[in-house]
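Chain and residue survey
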Amino acid sequence: MSKSMYTVSCDSTESETCRDDSAALTLKLVAITAILVAGITGIAIPLVGKKRRFIGTDSNLFVAAKAFAAGVILATGFVHMLPDGSSNLTNPCLPKYPWSKFPFSGFVTMFAALLTLVADFVGTQFYERKQENKKELGPNDELGRDGSLDTVSKSGILPVDRVEVKGNQKDGDNKVFFGEEGGGMHIVGIHAHATSHQGHSHPPRDGEKARERHVIDASDTDHDGHGHGHGHGHSMRFGRGDDQSAGRHAVVSQVLELGIISHSIIIGISLGVSHSPCAIRPLIAALSFHQFFEGFALGGCISQAQFKTLSTTVMACFFALTNPIGIAVGIGISSFYNPESPRALVVEGILDCVSAGILIYMSLVDLIAADFLSKRMRCNVRLQIVSYFGLFLGAALMSLLAIWS
């Protein structure tokens, strides 16, 4: 079996009449440029436009475009990667045992989807615990050494272990805000929120002047650029949902990029080793279309994850460069690599099925279900119609490209 597995070579499926190494090399260079531009453009739109109202991640246009991209990714898994993997693993060039005795393509795809679920769950738990640890330990770092509120974090949460001393301080007359002298009492997590009350004032007590406090909350900048800090009970807020949402998007973006990269390498190498201009021409258009919308979906997840600038840049560059690098590697090994050898068929088939499982899970669970089952979608009929139309259109167009690619 080992001998037949690694030494037997099948005839290439490429037509010898269409073989032209010079023309193929020119088309490969065109493919590298086109796919690179498409990938950069696709992933840059949500990253650059996240602060713009028209294409920001909270706009309806972004949700509809993301639904279209999710349809593209879903069709990539079902119509492109899974059939390719199945074709490779059932190729007549492979030994009948075990490859013809068991449906390896479906098995590998299923387990890839299940392992993606495990990675999704573990990653989400990790980010949630990380956020909880930051909430417990963060206040000491968020305030200045002097204990002032000038350096309070964007969350607007007052720390547990610090109190603010403000107002008119005379010798021996220090008033402690929401606390007792000596630190015997602390109010946990009081949120200093902005308010637009007009004419709202606190009467002086015992002849003392009313103390005015101005604590700006980054999330409440609509009220004439300032807010008034009050200790009322209705101002308690913890902001935990935003942190959990960002952590969830962080996991989604990383797992999605893993699935995209795995099949981008395979497709890039396959295109790079091809000697047929007839096969390369349709792939340029198909891969550019595919790369653009995969980049858009990935860029949307990255922007919602609120990564730091360096992490965002690294992930974006990694995505944009993977497919062109795969093509360049294919060009380098095209003189001796035989894509029809049994070893190549098995490796590519397994990787195709793994990619299919990851993309199918991510598109259905983390892209489609997460948006279409949300409260925002349920409460907006127009958004539902546009998003469903975009989803089916994206899946249909990507499936249609299978005719040529």
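Up top you'll find the structure we're talking about.
Residue positions are counted from 1 within each chain, in the order its sequence is given. In keeping with the predicted nature of the model, local features appear solely for residues at pLDDT of at least 70, side-chain atom pairs appear and are counted solely at 80 or more, and the whole-chain, interface and lining totals rest on all residues. Hydrogen atoms and water are omitted, and side-chain values are computed over all heavy atoms in the structure.

Quick look at the overall build of the protein chain
Rules: Only DSSP runs of H or I with at least four residues qualify as helices, and only runs of E with at least two residues qualify as strands; both kinds are numbered from the N terminus onward. Relative accessibility under 20% of the residue-type maximum defines a buried residue, over 50% an exposed one, and the middle range a partly exposed one, all with a 1.4 Å probe and only protein chains included. For this analysis, residues touch if any pair of their heavy atoms sits within 4.5 Å. In short, Shrake-Rupley with a 1.4 Å probe defines the accessible areas, and a residue's cover is counted only from the protein chains shown.
Along its length, the protein chain carries 12 helices and 2 strands. The buried share among the 405 residues of the protein chain stands at 44%. Summarising the internal contacts of the protein chain: among those between residues at least 6 apart in sequence, 81% fall at separations of at least 24. Carbon and sulfur atoms make up 61% of the accessible area of the protein chain, which totals about 22,400 Å².

Describing the packing of helix 3 (residues 60-89) against helix 12 (residues 381-400)
For clarity, the threshold we go by: The convention used is that axes are lines fitted to C-alpha atoms, helices contributing only their stretch in contact, and that angles between N-to-C directions extend from 0 to 180 degrees. Roughly parallel here means an angle under 35 degrees, roughly antiparallel means over 145, roughly perpendicular means 65 to 115, and every remaining angle is called oblique. Left-handed describes a crossing whose near helix is turned anticlockwise from the far helix by less than a right angle; the clockwise case is right-handed. Charged means Asp, Glu, Lys or Arg here, nonpolar means Ala, Val, Leu, Ile, Met, Phe, Trp, Tyr, Cys or Pro, and polar covers whatever is left, Gly included.
Look at helix 3 against helix 12: their axes get within 7 Å of each other, and the N-to-C directions meet at 30 degrees. Taken together, the axis directions place helix 3 and helix 12 in an arrangement best described as roughly parallel. Along this stretch, helix 3 crosses helix 12, giving a crossing that reads as right-handed. Between helix 3 and helix 12, the residues in contact are Asn60, Val63, Ala64, Ala67, Phe68, Ala70, Gly71, Val72, Ala75, Thr76, Val79 and His80 and Leu383, Val386, Ser387, Gly390, Leu391, Leu393, Gly394, Ala395, Leu397, Met398 and Ser399, respectively. In terms of residue class, the contact of helix 3 with helix 12 is built from 15 nonpolar, 8 polar and no charged.

Notes on the environment of Ala67
Mapped onto the fold, Ala67 is located in helix 3. Residue class for Ala67 comes out buried when judged on its relative accessible area of 4%. The spacing of Ala67 and Ser363 is 296 residues in sequence and 9.4 Å in space, taken between C-alpha atoms. In this structure, Ala67 is in contact with Phe372, Ser387, Gly390 and Leu391, ignoring residues within four places of it in sequence.

Focus on helix 2 (residues 21-48)
Note the cut-off: For a helix, the expected span equals 1.5 Å multiplied by the number of residues minus one. Under this definition, polar contacts are N or O atom pairs within 3.5 Å; protein pairs additionally need one hydrogen-donor-capable and one acceptor-capable atom, and for neighbouring residues in sequence, both atoms have to be side-chain atoms.
Relative to the 40 Å expected for 28 residues at 1.5 Å per residue, helix 2 spans 40 Å between its end C-alpha atoms, a close match to the ideal helical length. Along helix 2, the positions that sit buried rather than exposed are Ala24, Leu27, Lys28, Ala31, Ile32, Ile35, Ala38, Gly39, Gly42, Ile43, Pro46 and Leu47. Capping the start of helix 2 is the job of one residue whose side-chain oxygen sits 3.3 Å from the backbone nitrogen of Ser22: Asp20.

Things to note about the nonpolar core
Basically, it comes down to this: As used here, the term nonpolar core means buried Ala, Val, Leu, Ile, Met, Phe, Trp, Tyr and Cys residues forming a set that is joined through side-chain atoms within 4.5 Å.
One finds Ile43, Leu256, Leu271, Leu298, Ile302, Phe307 and Met362 to be the most contacted residues of the largest nonpolar core, which totals 58 residues. When contributions to this core are tallied by element, the ones reaching two or more residues are helix 2, helix 3, helix 7 (240-273), helix 8 (277-305), helix 9 (309-333), helix 10 (342-372) and helix 12. Take this core: its biggest share by element is 12 residues, from helix 8. Apart from residues no more than four positions distant in its own chain, Ile302 is found in contact with Ile43, Leu47, Ser253, Phe307, Thr312 and Met315.

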